[in-house]
2 protein chains.
Amino acid sequence: MSPRGRRPAGEDARADIVRAAREEFAAKGYDATSLRAVARAAGVDPALVHHYFDGKPDLFTATLDLPVNPRRRIDEVLQLPHDQLGAAVVRVFLSVWDSPEGRDRMAALLRSVASHDAAARLLREFVVREVVGRLAAHVSPQRVDARAALVGSQLIGLAMLRYVLEVPGVAEASVEDLVRDVGPTVQRYLEL
Amino acid sequence: MSPRGRRPAGEDARADIVRAAREEFAAKGYDATSLRAVARAAGVDPALVHHYFDGKPDLFTATLDLPVNPRRRIDEVLQLPHDQLGAAVVRVFLSVWDSPEGRDRMAALLRSVASHDAAARLLREFVVREVVGRLAAHVSPQRVDARAALVGSQLIGLAMLRYVLEVPGVAEASVEDLVRDVGPTVQRYLEL
């Protein structure tokens, strides 16, 4: 199977693919990275990449080492009536990151996004389009980029103040308090 | 006058004070830094610090090397009717940072805030309380911390997407488009 002639089985191969993907995405960005190139860099058959990962978004998500798969959570949110989307997005976003390990991981992610152009480009290409962009497009085909970016601006800002700056007033607020205060903002941006 | 026995006049003394203040604020945080300690570190009489700077907020603002004084801009905004504050805050915030040099400076500031605890603490203590906090307190005495932090979250997030991540949809939008889209969010947070 493998161009290298030998291949550690199971989780080792998966870990090799994730490691190779992380390097490819960082070097080339999200858009310019192909699953074929990742397979080549990992020394595995492309079929094995497809065996472990459901396409490029899924592989990219694996490289982020997130506590959950953001696309799958968005798929669940998209089942809700349109007028409940804003509150649901805030609730899902915060519940994903609100554990002590999640807070540390989000803070680290935001630090790397702010300080490295490569991380910023990945976030822009992936999160804004594949996650928030799908949500905005689901509600309306008008101004999808702008509406998605506005939703992203509120969520990223909320995460900065809650997890990185730990500003009183949002750092210790309950998730439901923030759903009540910020949900209508996200709802309005989705409906702009 | 000076404990050191000699003192360069005018702008040199002012620059020494700003340099010493930058170090003191970074080492001790905004709250724990006194003008007296800054004077001592700069080797000048405390009266000279008061001659150049109108109190600690003004001195701190000088250390940030900002294109404008954010407190003075807030003073102007506070003259407006309450129902115009949200739009005015977004307009002032973006017009301060939207020049090419302003964009670079804001991106650098956000990078240092995200990566250094000291910078994060300074932003939390100064911007949230002295700038956005005054605005929130001006509108209502209820939940000032939470309302100020929510305003801050939207402005910081907008700056992250516009100046650091350069996300399509907000990076190239006009200031007035963003005033129209984001102004009502800030207005709502001020009135919560």
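Here we summarise the structure given alongside this text.

Conventions we followed
- Residues numbered from 1 in each chain as written.
- Chains lettered and ligands numbered in written order.
- Predicted model: local features only at pLDDT ≥ 70, side-chain atom pairs only at ≥ 80, totals over all residues.
- Heavy atoms only, no water.
- Axes fitted to C-alpha atoms, helices over the stretch in contact; angles between N-to-C directions.
- Helix = DSSP H or I, 4+ residues; strand = E, 2+ residues; numbered from the N terminus.
- Parallel < 35°, antiparallel > 145°, perpendicular 65-115°, else oblique.
- Left-handed = near helix turned anticlockwise from the far one by under 90°.
- Contact = heavy atoms within 4.5 Å.
- Nonpolar A, V, L, I, M, F, W, Y, C, P; charged D, E, K, R; others polar.
- Phe/Tyr/Trp six-rings, centres within 6.5 Å; stacked < 30°, edge-to-face > 60°.
- Buried < 20%, exposed > 50% of the residue type's maximum accessible area, 1.4 Å probe, protein only.
- Lys NZ or Arg CZ within 6 Å of the ring centre and 35° of its normal.
- Buried area = accessible area lost by both parts, 1.4 Å probe.
- Salt bridge = Lys/Arg side-chain N within 4 Å of Asp/Glu carboxyl O.
- Least-squares fit on C-alpha atoms with pLDDT ≥ 70 in both.

All names here are of chain B. As a packed pair, helix H4 (residues 56-64) and helix H8 (residues 117-139) sit with axes 12 Å apart at the nearest point and diverge in direction by 125°. One finds that H4 runs oblique with respect to H8. Crossing of H4 against H8: the hand is left-handed. Across the interface between the two elements, Pro57, Phe60 and Thr61 from H4 touch Leu122, Phe126 and Glu130 from H8. Taken together, the residues that form the contact of H4 with H8 break down as four nonpolar, one polar and one charged.

Right, let's talk about the packing of aromatic side chains for a bit. Within the structure shown, the criterion is met by eight aromatic pairs over all chains. Relative to B:Phe53, the ring of B:Tyr52 has its centre 6.3 Å away and its plane inclined at 55°; by these criteria the two rings are tilted. Owing to a relative accessible area of 22%, B:Tyr52 belongs among the partly exposed residues under this scheme. For B:Phe53, a relative accessible area of 3% corresponds to the buried category. The ring of A:Tyr30 is capped by A:Lys56, whose NZ or CZ atom sits 4.9 Å from the centre of that ring.

This brings us to the interface of chain B and chain A. At the junction of the two partners, chain B supplies 39 residues and chain A supplies 39 residues. Interface area for chain B against chain A, summed over the two sides, is near 3,100 Å², with a carbon-plus-sulfur share of 63%. Per-residue buried area on chain B facing chain A is highest for B:Ala114, B:Leu165 and B:Asp181; these three make up 18% of the total on that side. Between the two partners, chain B and chain A, sit two salt bridges. A salt bridge links A:Arg143 to B:Asp181, with the nearest nitrogen and oxygen atoms 2.8 Å apart.

Its rotation angle being 180°, the transformation that places chain B on chain A also includes 0.0 Å of axial translation and leaves an RMSD of 0.0 Å. Viewed as a symmetry operation, the transformation between the two copies matches a two-fold axis. In terms of proximity to the rotation axis, the leading residue of chain B is B:Gly157, whose C-alpha is 1.8 Å off the axis. Most of the interface of chain B is mirrored in chain A: 100% of its interface residues are interface residues there too.

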